[in-house]
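# Architecture and fold: a report
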Amino acid sequence: MTTDTAQFDYSEAGFPIAERIRECHLRDWERLRGPGAWWTGAERVAIARQTRLAEDCALCRERAAALSPAAVAGEHEADALLPRAAVEAIHKLVTDKSRLSEAWYEGVVGAAGMSEERYIELLGVLVHVFAVDELHRALDLPLEPLPTPLGGTPSGYRPAGAAKDVSWPPILLPEHADPGDLDIYEEMRGRRPANVVSALSLVPDNVRWLNDQFAAHYLSWTEMGEIDKQHRRLTRPQLELLATRVSALNECFY
Amino acid sequence: MQGTTDDSVDVGVPFADVLMAYADAAVRRDGDLAERRAAVESALGAEAVVDAAATVANYQRMVRIADGCGIPLDEVTEQASAEWRESLGVNEYYSALNTYGEEVAAPA
């Protein structure tokens, strides 16, 4: 089921969900349903749909529990709108991300219908939809229906200054960015952006999406630097404790 | 810091136990989520529950970006966290390979 008019109606959520979060989620759904740089709106919504399917995927559960995921044979059901490698990557990123490797990444971006740019945009769509859904699940709220895709053609935009650096995919660093992309690092104020931010920059709109949702769900990059100010009901140490715990539960070294 | 991976250690943050229990239930999808959410609400209020849920959601996203792109630790973090990473066992995580390469043994 999809919807032309996302609601994110939290009036009966039972919790006082801040308006900044609701407004961000409405923007999330508008971003999701339009064409990106490398995927159409319909394909982006299909990525979101697969992200949700992975949550309840029996094959993924079996693989995640196995000593080696390769020991469990099988393939996910094909999606008419997505390359097979995209479907496999989505399921892996949702359910077994702590065992990813550069060899796995190279296999995905080299597969039919995929590329580095398509992988990074896919990851951007996946993580932002997943974060919206995770907030709903954590509060026992029903998931918002996915939006009806918009028409239009992907722009095919790849920043000319993007190059291989510290992460598997090429990234765009501020010193190599065209003026039109400098906004993605605006809040970094001349500092090298954190690797987790630049990681998505092969598709600059991914970073714009990340900056927006990070500020709504957590703190803006500027607020992150204001260690002594309290911006939320929870104190900064309490927020950091939760962040660290989630990272540890996911065995995320970063 | 030790308390974020070892529940027997007091982390020195008010209501750390209820917050970590809630994060555990949300990430692990276990059946205690409602009970643990109620504990956060009882201890810290409804607005804090939303903060906690949004923070969990935020970092569920960030770990997938980090692991999905194979990023190493930022240099400043790598230096600042060197002492406690070893004691927490964090250096044993598979994704430590992205920072230290083959120096860290991969799981079987």
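In the block above lies the structure referred to throughout.
In this text the structure is predicted, and so the values were computed from the model without any measurement. (Residues numbered from 1 in each chain as written. Chains lettered and ligands numbered in written order. Predicted model: local features only at pLDDT ≥ 70, side-chain atom pairs only at ≥ 80, totals over all residues. Heavy atoms only, no water.)

## A word on the overall build of chain B
Looking only at helices and strands, chain B features six helices and zero strands. Beginning at the N terminus, the succession of helices and strands in chain B can be written as α-α-α-α-α-α. Residue burial in chain B is summarised as follows: out of 108 residues, 52% are buried. Within chain B, contacts between residues separated by at least 24 positions form 38% of all contacts whose residues are at least 6 apart in sequence. Counting only carbon and sulfur atoms, one obtains 49% of the accessible surface of chain B, whose full area is about 4,800 Å². (Helix = DSSP H or I, 4+ residues; strand = E, 2+ residues; numbered from the N terminus. Buried < 20%, exposed > 50% of the residue type's maximum accessible area, 1.4 Å probe, protein only. Contact = heavy atoms within 4.5 Å. Areas by Shrake-Rupley, 256 points an atom, 1.4 Å probe, with all protein chains shown as cover.)

## What to know about the overall build of chain A
Tallying secondary structure elements over chain A gives ten helices and two strands in all. In sequence order, chain A lays out its α and β elements as β-α-α-α-α-α-α-β-α-α-α-α. Against the globule reference of 18 Å for 254 residues, chain A gives a C-alpha radius of gyration of 18 Å, in line with a compact fold. For chain A, the C-alpha atoms occupy an extent of roughly 50 × 45 × 40 Å along the three principal directions. Residues classed as buried in chain A amount to 55% of the 254 residues present. Look at the contacts in chain A between residues 6 or more apart in sequence, and 64% of them connect residues 24 or more apart. Summing over all exposed atoms, chain A offers an accessible surface of approximately 10,500 Å²; the carbon and sulfur share of this is 53%. Averaging the coordinates of the 27 positive side-chain charges in chain A and doing the same for the 39 negative ones gives two points 3 Å apart. (Rg over C-alpha atoms; globule rule 2.2 N^0.38 Å. Lys, Arg positive; Asp, Glu negative; His and termini not counted. Charge placed at Lys NZ, Arg CZ, Asp CG, Glu CD.)

## A word on the interface of chain B and chain A
Taken together, the 64 residues of chain B in the interface contact 63 residues of chain A. Where chain B meets chain A, there are five salt bridges. Two residues, Asp24(B) and Arg245(A), come together in a salt bridge whose shortest N-O distance is 2.7 Å. Among the elements of the structure, helix H1 (16–28), helix H2 (33–44), helix H3 (46–69) and helix H6 (97–100) of chain B are those that each provide at least two residues to the side of chain B that touches chain A. If one sorts the elements of the side of chain B that touches chain A by residue count, H3(B) sits on top with 24 residues. Taken together, the residues of the side of chain B that touches chain A break down into 39 nonpolar, twelve polar and 13 charged. (Salt bridge = Lys/Arg side-chain N within 4 Å of Asp/Glu carboxyl O. Nonpolar A, V, L, I, M, F, W, Y, C, P; charged D, E, K, R; others polar.)

## Concerning the pattern of salt bridges
The full count for this structure, using the stated rule, is 31 salt bridges over all chains. Among the ionic pairs, Glu55(A) bridges to Arg29(B), the shortest N-O distance being 2.8 Å. Taken together, the residues span two chains, with Glu55(A) in helix H2 (residues 41–55) and Arg29(B) in the loop between H1 and H2. Of the charged contacts in the structure, one is a salt bridge between Glu102(A) and Lys164(A), with a shortest N-O distance of 3.4 Å. Highlighted residues: Glu102(A) in helix H5 (residues 102–109) and Lys164(A) in the loop between strand S2 (146–147) and helix H7 (195–198), separated in sequence by 62 residues. In the salt-bridge network here, residues are joined through shared partners; they are Glu55(A), Glu134(A), Arg137(A) and Arg29(B).

## A word on the nonpolar core
Among the nonpolar cores identified, the biggest contains 94 residues, and Leu32(A), Tyr119(A), Leu139(A) and Tyr22(B) are the most heavily contacted of them. Take this core: its biggest share by element is 14 residues, from H3(B). Not counting residues up to four positions away in its chain, the partners in contact with Tyr22(B) are Ala138(A), Leu139(A), Leu33(B), Arg36(B), Arg37(B), Val40(B), Val49(B), Ala52(B) and Ala53(B). (Core = buried A, V, L, I, M, F, W, Y, C linked by side-chain atoms within 4.5 Å.)

## Comments concerning the packing of H2(A) against helix H6 (residues 116–138) of chain A
When two helices pack together, you describe them by how their axes are tilted relative to each other and by the distance separating the axes. Residue and element names in this part refer to chain A. As a packed pair, H2 and H6 sit with axes 9 Å apart at the nearest point and diverge in direction by 50 degrees. Between H2 and H6, the crossing angle belongs to the class labelled oblique. Considering only the axes of H2 and H6, their crossing is right-handed. Contacts from Glu43, Arg44, Ile47, Ala48, Thr51, Arg52 and Glu55 of H2 reach H6 at Arg118, Glu121, Leu122, Val125, Leu126, Val129, Phe130, Asp133 and Arg137. (Axes fitted to C-alpha atoms, helices over the stretch in contact; angles between N-to-C directions. Parallel < 35°, antiparallel > 145°, perpendicular 65-115°, else oblique. Left-handed = near helix turned anticlockwise from the far one by under 90°.)

## Thoughts on H6(A)
In this model, H6(A) (23 residues) spans 32 Å end to end at C-alpha, consistent with the 33 Å of a helix rising 1.5 Å per residue. Here H6(A) lies mainly inside the structure; 22 of its 23 residues are buried. (Expected span 1.5 Å × (residues − 1).)

## Some thoughts on the side chain of Arg37(B)
Examined against the element boundaries, Arg37(B) turns out to sit in helix H2. Assessed through its relative accessible area of 8%, Arg37(B) is described here as buried. Those residues within four positions of Arg37(B) in sequence are excluded, and the remaining contacts are Phe15(A), Ala138(A), Leu139(A), Asp140(A), Tyr22(B) and Val49(B).

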